[in-house]
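# Architecture and fold: a report
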Protein chains: 2
Amino acid sequence: MYQILFNYIHNYSQMILTSEEMELIKNTFQPKKLRKRQYFLQEGDISKFTGFITKGAMRQYYVDEKGVENVINLFIENYWATDRKSFFDLKPSIFYIDAWENTDLLIITRADMAELMKKIPAINEMIRIMDDKNAIASQNRINAAISISAEMRYENFLKSYPQFIQRFPQHQIASFLGITKETLSRIKKKTLK
Amino acid sequence: MYQILFNYIHNYSQMILTSEEMELIKNTFQPKKLRKRQYFLQEGDISKFTGFITKGAMRQYYVDEKGVENVINLFIENYWATDRKSFFDLKPSIFYIDAWENTDLLIITRADMAELMKKIPAINEMIRIMDDKNAIASQNRINAAISISAEMRYENFLKSYPQFIQRFPQHQIASFLGITKETLSRIKKKTLK
DNA sequence: AAATATCATTGATATTGATCAATGATATTT
DNA sequence: AAATATCATTGATCAATATCAATGATATTT
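This is a predicted model, so every value here is computed, not measured.

Calculation rules
- Residues numbered from 1 in each chain as written.
- Chains lettered and ligands numbered in written order.
- Predicted model: local features only at pLDDT ≥ 70, side-chain atom pairs only at ≥ 80, totals over all residues.
- Heavy atoms only, no water.
- Helix = DSSP H or I, 4+ residues; strand = E, 2+ residues; numbered from the N terminus.
- Buried < 20%, exposed > 50% of the residue type's maximum accessible area, 1.4 Å probe, protein only.
- Contact = heavy atoms within 4.5 Å.
- Areas by Shrake-Rupley, 256 points an atom, 1.4 Å probe, with all protein chains shown as cover.
- Lys, Arg positive; Asp, Glu negative; His and termini not counted.
- Charge placed at Lys NZ, Arg CZ, Asp CG, Glu CD.
- Least-squares fit on C-alpha atoms with pLDDT ≥ 70 in both.
- Near = heavy atom within 4 Å.
- Polar contact = N/O pair within 3.5 Å; in protein donor to acceptor, adjacent residues only side chain to side chain.
- Pairing = 2+ DSSP bridges.
- Buried area = accessible area lost by both parts, 1.4 Å probe.
- Salt bridge = Lys/Arg side-chain N within 4 Å of Asp/Glu carboxyl O.
- Nonpolar A, V, L, I, M, F, W, Y, C, P; charged D, E, K, R; others polar.

## Some points on the overall build of chain A
Helix and strand counts for chain A come out as 9 helices and 8 strands. If one aligns the C-alpha atoms of chain A with their principal axes, the spans along those axes are about 55 × 35 × 30 Å. Buried positions account for 48% of the 193 residues belonging to chain A. For chain A, the proportion of contacts with a sequence separation of at least 24, taken over those separated by at least 6, is 71%. For chain A, the exposed surface amounts to about 10,000 Å²; the carbon and sulfur share of it is 53%. A distance of 6 Å separates the average location of the 28 positive side-chain charges in chain A from that of its 22 negative side-chain charges.

Here it is in structure tokens:
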């Protein structure tokens, strides 16, 4: 289980972890299992942990005034699940995060992560690269949301994140893309021809 | 001019810079002046620098197949202007960044910034906090773009970024929000009553 | 000051995508 | 296997926003 995290760190940092560092990581990240539909975070709670997914799938959403779930992030293996805002300022979150499949996580608090960043250069570098990639991906998503049609947005999604199609039902993906399930159904039908 | 950057670093890092560190910063960041409408980055060029704005206003946009400018970021004092993707991988950008007012920048390359992060703890911490805040702001923008109406989006913008209203014409703000200038004009008229 | 460019508003119409409602298909639970 | 819940499709209608075109207002340049 930790091996997946070690690989991830190596991948991002391009650095080799010493066996002491691996020990420290094992002692700091706690394993957590969630069954399908179980919450990792609920509205009003503080996102005290960030969780590295070694197996499974999760989604982050908020519930609007009408009671509708708006999916804002989808996560699978090798993603980090947290509400970044609440995790940053330790104030109550407006989001829910739940498991969409039975999921294995390695969880860590913000304070512990800060410690590890100081003690383990590879972790520090990993976070830096993650932040760079996350900023780029967010910018892409913003551009897509404000300047292209639902159809193109779905097409881009298919191209960039094909793995997600197998893991989440269509209406969740529609919500993630900011369109209704009916519209997505029609888009699929249309592009199929 | 450098004082504005020093203040910014202090603000974000909550750390005090030594006079040696200040010297190093002065020797690494280069001042650059742009006149209104002058480009900082053009499509096809590599975003070799990130620029800290000490005075002025800039915008980032791309030009779509129809030749329409799509504004994706607006910057004023105390913002950093760069195409983060191109700056990260040093590949050609798809964006333009230009000055909307006469603008003063302090510019630095990615390599030099990496050096400073190693040598100056306050800079390292500043970048970390910037990345956190940027991730949070991006998430907010994504949520707004995919799940709320143009009217609410403008209202939120007014509340969160009132300074921008004075600095950019309405059609630029409309584009930034992902709506047409005509729709924005009608929204303003409606909410005025 | 006149000429020109930029920016903002308004009206008429078109388009995209949302909403509402029904039906079918596929999983999951009993 | 039957019952139930979840997921996907389809049709009819509606609402939000875009597009096109004209006009006015405000800056900027000559």
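Read on, since the account is not over.
## Some details on the relation of the copies chain A and chain B
Once chain A is rotated about the relating axis by 180° and shifted along it by 0.0 Å, it coincides with chain B to within an RMSD of 0.0 Å. In short, the pair behaves as if placed about a two-fold rotation axis. Both copies contact each other with a shared surface, as 100% of the interface residues of chain A are interface residues in chain B too.

## Considering the protein's contact with DNA strand C
Residues in contact with DNA strand C amount to 16 residues; listed here are only the nearest, A:A150, A:T183, B:Q170, B:R186 and B:K189. Counting only the atoms of DNA strand C within 4 Å of the protein, the fraction contributed by sugar and phosphate is 65%. Contact distances for DNA strand C include 3.0 Å between a phosphate oxygen and a side-chain N or O atom of A:T180. B:H171 has a polar side-chain atom sitting 3.1 Å from a phosphate oxygen of DNA strand C. Of all the secondary-structure elements, those providing two or more residues to the surface near DNA strand C are α9 (181-192) of chain A together with α8 (170-177) and α9 (181-192) of chain B. The dominant element in the surface near DNA strand C, judged by the number of residues it contributes, is α9(B), at 4 residues.

## What about the pairing of strand β5 (residues 69-76) of chain A?
All names here are of chain A. Along β5, 7 of the 8 residues are buried, which leaves the element largely enclosed by surrounding structure. The pairing of strand β4 (residues 57-63) with β5 spans 7 bridges and is classified as antiparallel. Bridge pairing in β5 places M58 opposite F75. Between β4 and the antiparallel strand that follows it, β5, lie 5 residues; G67 among them carries a positive phi value of about 85°.

## So, the interface of chain A and chain B
Taken together, the contacts link 34 residues of chain A with 34 residues of chain B. Together, the buried faces of chain A and chain B total about 2,700 Å²; carbon and sulfur atoms form 60% of this surface. Note that B:R84 is salt-bridged to A:D132, the shortest N-O span being 2.9 Å. Sorting the residues of the side of chain A that touches chain B by element identifies β5, α3 (84-89), α4 (110-119), α5 (121-147) and α8 (170-177) of chain A as the ones contributing at least two each. The element best represented in the side of chain A that touches chain B is α5(A), accounting for 18 residues. Split into classes, the residues belonging to the side of chain A that touches chain B amount to 16 nonpolar, 10 polar and 8 charged.

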